[in-house]
Amino acid sequence: MTLNVKERRNKTGTVLVATGEINSETSGSLLQALLPLVREGKPLKIDLTAVTYVSSAGLRTLLVVYREAQHAGVAVTLYGVSEEVRFVMSATGFLDFFETGEAVAAAAKAKAKAKAAR
């Protein structure tokens, strides 16, 4: 299986859409796509909706991206994490490193609810 990546830029940052598997064969190209985006210093969203599998090499790639983002002070958010990928990331503790789109949406909803209650 291959991995395809496409990026979309907007005023608030960059969205990288990944499709396929993140494994030992594809993680290097993903890292080459992500690191320059992190180094730009703008918020980065990684859309994993169409990612069907993440191996230990893929987890390592995401960890490198996380560390680079922390060093650069860049927010990285994962979106569309499937149940299978979420399970692997959660079981290994990797999910704790990243904001997820679901968490961001829940926080925004709670903030809006609190504001409406005032």
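Residues numbered from 1 in each chain as written. Predicted model: local features only at pLDDT ≥ 70, side-chain atom pairs only at ≥ 80, totals over all residues. Heavy atoms only, no water.

Taken together, the 8 bridges between strand 2 (residues 13–22) and strand 3 (residues 44–54) define a ladder with parallel strand orientation. Bridging across to strand 3, E21 finds its partner in Y53. Traced from strand 2 through helix 1 (residues 27–39) to strand 3, the parallel crossover comes out right-handed. Bridging between strand 3 and strand 4 (residues 76–79) involves 4 bridges; their strand directions are parallel. (Pairing = 2+ DSSP bridges. Helix = DSSP H or I, 4+ residues; strand = E, 2+ residues; numbered from the N terminus. Right-handed = clockwise from strand over helix to strand, strands pointing away.)

What follows concerns helix 2 (residues 56–72). Compared with an ideal rise of 1.5 Å per residue, which puts 17 residues at 24 Å, helix 2 spans 24 Å between its outermost C-alpha atoms and is within 8% of the ideal. Buried residues of helix 2: G58, L59, T61, L62, L63, V65, Y66 and A69, and no others. Where helix 2 begins, one side-chain oxygen reaches toward the backbone nitrogen of A57, 3.2 Å away; that side chain belongs to S55. (Expected span 1.5 Å × (residues − 1). Buried < 20%, exposed > 50% of the residue type's maximum accessible area, 1.4 Å probe, protein only. Polar contact = N/O pair within 3.5 Å; in protein donor to acceptor, adjacent residues only side chain to side chain.)

Okay, the pattern of salt bridges next. Evaluated as defined, the whole model comprises 3 salt bridges. Close ionic contact of E7 with R9 constitutes a salt bridge, the shortest N to O distance being 2.8 Å. Residue E7 is classed as partly exposed on the basis of its relative accessible area of 41%. Linking E68 and R39 is a salt bridge whose minimum nitrogen-to-oxygen distance equals 3.2 Å. A residue pair is termed long-range when its members are at least 10 positions apart, and E68 in helix 2 and R39 in helix 1 qualify at 29 residues. According to the relative accessible area criterion, E68 is partly exposed, its value standing at 24%. Beyond isolated ion pairs, a larger network of salt bridges with shared partners links E7, R9 and E40. (Salt bridge = Lys/Arg side-chain N within 4 Å of Asp/Glu carboxyl O.)

With that settled, the discussion passes to the sheet that holds strand 5 (residues 99–100). Taken together, the 5 strands give an open sheet; going across it, the order is 1-2-3-4-5, and neighbouring strands pair in mixed fashion. Both outer strands of the open sheet, strand 1 (3–10) and strand 5, are each paired with one neighbouring strand and no more. When strand 1 meets strand 2, the two strands line up antiparallel, connected through 8 bridges. Across the sheet, residue N4 finds its bridge partner in strand 2, namely T19.

Taken as a whole, this structure holds 3 aromatic pairs when the rule is applied. For the ring pair Y66 and F98, a centre distance of 5.7 Å and an interplane angle of 65° mean the geometry is edge-to-face. Here the residue Y66 occupies a position in helix 2, and F98 occupies one in the loop between helix 3 (83–91) and strand 5, the gap between them amounting to 32 residues. The residues Y66 and F98 share a single accessibility class, namely buried. Ring-pair connections join several aromatic residues into one group, and the members of that group are Y66, F94, F97 and F98. (Phe/Tyr/Trp six-rings, centres within 6.5 Å; stacked < 30°, edge-to-face > 60°.)

So, to be careful, I would describe these as geometric facts and stop short of saying anything about function.
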